[in-house]
Amino acid sequence: MLSLIQRLLPKNSLQYREETSRRIVWGHWFALFNIVIALSLSSRYAFNADWPNTLLGKLYFFLSLFGHFSFVVFAFYLLLLFPLSFVIGNTRTFRGLSVVVATIGMTMLLVDTEVFKQFYLHLSPLVWDLLVNPDESELSRQWQLLFVPMPLILLAEMLYSRWCWQKLRSFNRQKWGKYVATFFLLAFMGTHLFYAFADMSLYRPVTAQRANYPLSYPMTARSFLEKHGLIDRESFDQTIEENGRLDGFFLNYPKAHLHFDNKPDNINLLFINLSGLTDSVITPELMPNLSELSTHSRRFTQHYTAGDTEMAGVASLFYSLSGKYVDAILTKKSPPVLISRLQNLDYQFGLFSHNSFANPIYQALFENFALPQAKDSVDALRQWNLWLETEKTSAPFFSYLDLAIGDIHNEKHVKFVDSQLRFIWDRLTAKGLDKNTFILLTSDIGQQSTTDNSFDAQSTKVPMLMFWQGDSGIYNGMSSHLDIAPTLLSHFFGMTSPLTLYSQGIDLTKENERKWLLSASYNWDVAIMPNGEQYQINKKGDFRHYNENGIKDADVRPPLALFFQLIHQSNQFVEK
C-alpha cells in the first residue's frame, strides 16, 4: 500500500518543480481573466439592486463590486486550483479541469444575477432544486434559457486557457500584474472598512447594499467600537429600533401618483385595535357585550395579520404592506395612502393609545400629529371620550383607539375590557354618530405563539369585525389586514388608481379567487393556505412547511408556481 501511495505522489524532481511553477503562474493569470468575466456578469446587480442615491453610496457600490468578486474568484483559485497544481502532473488535465470549474462558476454567477432580479435573493439549495426540477414545464423552459450562454463561456475559457499558456513567457515579463493585484487587494480591504464606518455612522445608502452580492458578509465593528468607547451601544441599538435595520431595502410606495374622484363619502372612521384579542374570547361567557355587538357586524372568520409582530400588524393595517416592509417604513417615515387621503379631505383626527404610542411604527404612521400621552387603556379611553365631546360635527373624523386586552386567561380583566367596548358604543350612540361611522375592530397581533413558528395561527389569526349601517353576516373567505386600506379607499374615498400601486391586498367588496394569504417578516416570506397550512421561505432560501395542524413537515417541497407568486408579491414594493 505504501509503495502504491508513493507512486501516486508527484516526484520532487527539477522538471516537476518547473512544471508546477508554470502551472501556478498560469493559474494566477487565469484567475485574473475570470475576475474580469465575473465583474462583467456581476454588473447586472447594478440594475437589479437598490441603486444608491448618494455619491458615497455609488462609490461604495463600485468599490465593493471590484473588491468582493476579485476576492471570491481568487479565493476559489487558492482553495481549489492552487492545491491541484501540485497534485495533477499532466498540464492539459490541470488546465482542462480549471476550465470546467471556471465555466461552472461563471454560469452559476449568471444564474444568480437572474435569481436576484426575480426574487431579490441569491442561489441556495432550495432555489436550485426548484429551478432544475420545476413542477411546470413552461417555467422550466424559461429558466433553461439561462444555461444557453454556458457553451460560449466554456469556449472563451478554453481559448484563453490555451492562449495564456502559449504566451506565458510574455506574461511573466509584464510589470502591471502586481499593480492590478494591489488594486484588487485595496478594493477588498476598502470595502470592509467603508462598510464598517457606514455601519457605525448609520449611513443607509451603504449599509442597504449588504445583501447585493452572493457570499457577501461585510465587516461590522460594533463590539470593537463599543469596547473603545467610540459608540454607545444602547443608544445605537435604540436608534436602529426606531429607524429600521441598517441593511434594510428602500421603499417604493406608492409606486405612482394616485388618482381620486371628487365625490368621496364624508363618513366617520373609528379603528379599534385591541392588541392580543383572539376569536376564542369573543363568547357570551367571556365578552358578552362584544359577542352581542358582533351579531350586528360583518365578521371575518379567516382573518390574518400580515406579520408576526405588533409593528407588522399595524403596518399591514394602515399601509397595506406586509411585515417585510416595517424597517423600510421606519426609515422613510412617509404616511400611508389612507392617512394622506384623510388629511387631504380635512378629516379631524383623534388618536389615542394605551401606552402613548410607544411602538416605533406609530412615529412613522402619525409623524405629523401631536400624539397624546396615556398611562393605560382606561386613560386612553378617557381622553377619547373628552375628544369626542369637543369634536366638531362640521367635518368628518378619523379616530384610532389603540387598546390592549392583556392576558386572555384573566377572566376578570377580559370582562373589564368588554365593558370598555360597550362604553364606546354607548357614547357613539348618544352622540348620534353610530349611523355615519364605519367602525373596524381588530387586533395587530394575537397571543404569543407557543411553538417555534412565529407565524402560528395563535399569533397571526385575529378577529375582524366591521360595523356599518347595520350590515351583518359572516365572511368565510380568507382576509387580511392588507385588504382593509384598499377596501376603504375604493369604497368610500374615491380611489380610482389600481390597488397594486399602493397595496398588497384586495378589495373585499369584489369577487376574488384568492388561494392563499401573504404574511412576512424581515427574514421570512409566508404563504398561508385556506386550511391553515403554511409555506415559509427566508432570505437565504431556506424553507419550512407547517401542515394544517401547525406541525413542521420537513419532507414537503414547495410548489414552484406558489414560490414565484409568493416572492413576486412580497417584493413588489422593494425599490430597485
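For the structure itself, look to the data block above.
Residues numbered from 1 in each chain as written. Predicted model: local features only at pLDDT ≥ 70, side-chain atom pairs only at ≥ 80, totals over all residues. Heavy atoms only, no water.

## Quick look at the sheet that holds strand 11 (residues 543–546)
By way of backbone hydrogen bonds, the strands of a sheet pair with one another, either parallel or antiparallel.
Okay, so step 1: Ordered in space as 8-9-10-11, the four strands form an open sheet in which the pairing is antiparallel. Since the sheet does not close on itself, it has two edges, and those belong to strand 8 (517–520) and strand 11, each with one partner. The average undirected angle you get between the axes of adjacent strands in this sheet is 20°.
Okay, so step 2: Contacting strand 8, strand 9 (524–528) and strand 10 (534–538), helix 23 (residues 560–570) runs over the sheet at an angle of about 120° to strand 9. (Pairing = 2+ DSSP bridges. Helix = DSSP H or I, 4+ residues; strand = E, 2+ residues; numbered from the N terminus. Axes fitted to C-alpha atoms, helices over the stretch in contact; angles between N-to-C directions. Contact = heavy atoms within 4.5 Å.)

## Let's talk about empty space enclosed by the protein
Okay, so step 1: Taken as a whole and assessed by the stated rule, the structure comprises two cavities of 30 Å³ or more.
Okay, so step 2: Empty space within the largest cavity amounts to approximately 40 Å³.
Okay, so step 3: Arg 204, Ala 208, Arg 245, Gly 248, Phe 249, Phe 250, Asp 327, Ala 328 and Thr 331 are the residues that line the largest cavity.
Okay, so step 4: Size it by volume and the second largest cavity reaches roughly 40 Å³. (1 Å grid on protein atoms, 1.4 Å probe; cavity = no way out; pocket = protein on both sides within 12 Å on 5 of 7 lines; lining within 4 Å. Points joined across faces, edges and corners; volume = space filled by probe spheres on them.)

## Overview of the nonpolar core
Okay, so step 1: Core analysis: the largest hydrophobic core is formed by 87 residues, its most contacted members being Phe 271, Phe 318, Phe 366, Phe 398, Tyr 400 and Phe 493.
Okay, so step 2: Here this core gets nine residues from one element, more than from any other, and that element is helix 2 (residues 14–42).
Okay, so step 3: Other than its neighbours up to four places away in sequence, Phe 398 contacts Leu 269, Phe 271, Phe 318, Ile 339, Leu 342, Tyr 347, Gln 348, Phe 349, Gly 350 and Leu 351.
Okay, so step 4: Of all hydrophobic cores here, the second largest spans 33 residues; its members include Leu 270, Leu 274, Leu 421 and Ile 439. (Core = buried A, V, L, I, M, F, W, Y, C linked by side-chain atoms within 4.5 Å. Buried < 20%, exposed > 50% of the residue type's maximum accessible area, 1.4 Å probe, protein only.)

## Let's talk about unusual backbone geometry
With the exception of glycine, most residues fall at negative phi, and the peptide bonds are largely trans.
Okay, so step 1: Across the junction of Tyr 253 and Pro 254, the peptide omega takes the value -15°, indicating a cis bond.
Okay, so step 2: Inspection of the secondary structure assignment puts Pro 254 in the loop between helix 13 (233–243) and strand 1 (268–275).
Okay, so step 3: Positive phi values are uncommon outside glycine, yet Ser 320 reaches one of about 60°.
Okay, so step 4: In this structure, Ser 320 sits in the loop between helix 15 (310–318) and helix 16 (326–332).
Okay, so step 5: Relative accessible area serves as the criterion here: at 0%, Ser 320 is assigned to the buried category.

## A look at the packing of aromatic side chains
Okay, so step 1: What the rule picks out here adds up to 50 aromatic pairs.
Okay, so step 2: Each ring, one from Phe 271 and one from Phe 318, has its centre 5.6 Å from the other, and the planes form 40°; the classification is tilted. Pair noted here: Phe 271 is in strand 1 and Phe 318 is in helix 15, with a separation of 47 residues, a long-range link. No difference in accessibility class separates Phe 271 from Phe 318, as the two residues are buried.
Okay, so step 3: When the centroid spacing of 6.0 Å and the interplanar angle of 85° are considered together, the rings of Phe 366 and Phe 369 count as edge-to-face.
Okay, so step 4: Given the relative accessible area of 1%, Phe 366 is considered buried. (Phe/Tyr/Trp six-rings, centres within 6.5 Å; stacked < 30°, edge-to-face > 60°.)

## What about the pattern of salt bridges?
Okay, so step 1: Using the criterion set out here, one finds 11 salt bridges in the structure.
Okay, so step 2: The salt bridge involving Glu 389 is made with Arg 427; its shortest N-O contact spans 1.9 Å. Of the two residues, Glu 389 is situated in helix 19 (residues 377–390) and Arg 427 in helix 20 (residues 411–430); the sequence distance between them amounts to 38 residues.
Okay, so step 3: Among the ionic pairs, Asp 483 bridges to Arg 514, the shortest N-O distance being 2.8 Å. Within this pair, whereas Asp 483 is found in the loop between strand 7 (473–480) and helix 22 (484–492), its partner Arg 514 is found in the loop between helix 22 and strand 8, the two being separated by 31 residues in sequence.
Okay, so step 4: Note on Arg 514: relative accessible area 23%, which makes it partly exposed.
Okay, so step 5: Counted as one network, the salt bridges with shared partners bring together Asp 279, Arg 299 and Lys 461. (Salt bridge = Lys/Arg side-chain N within 4 Å of Asp/Glu carboxyl O.)

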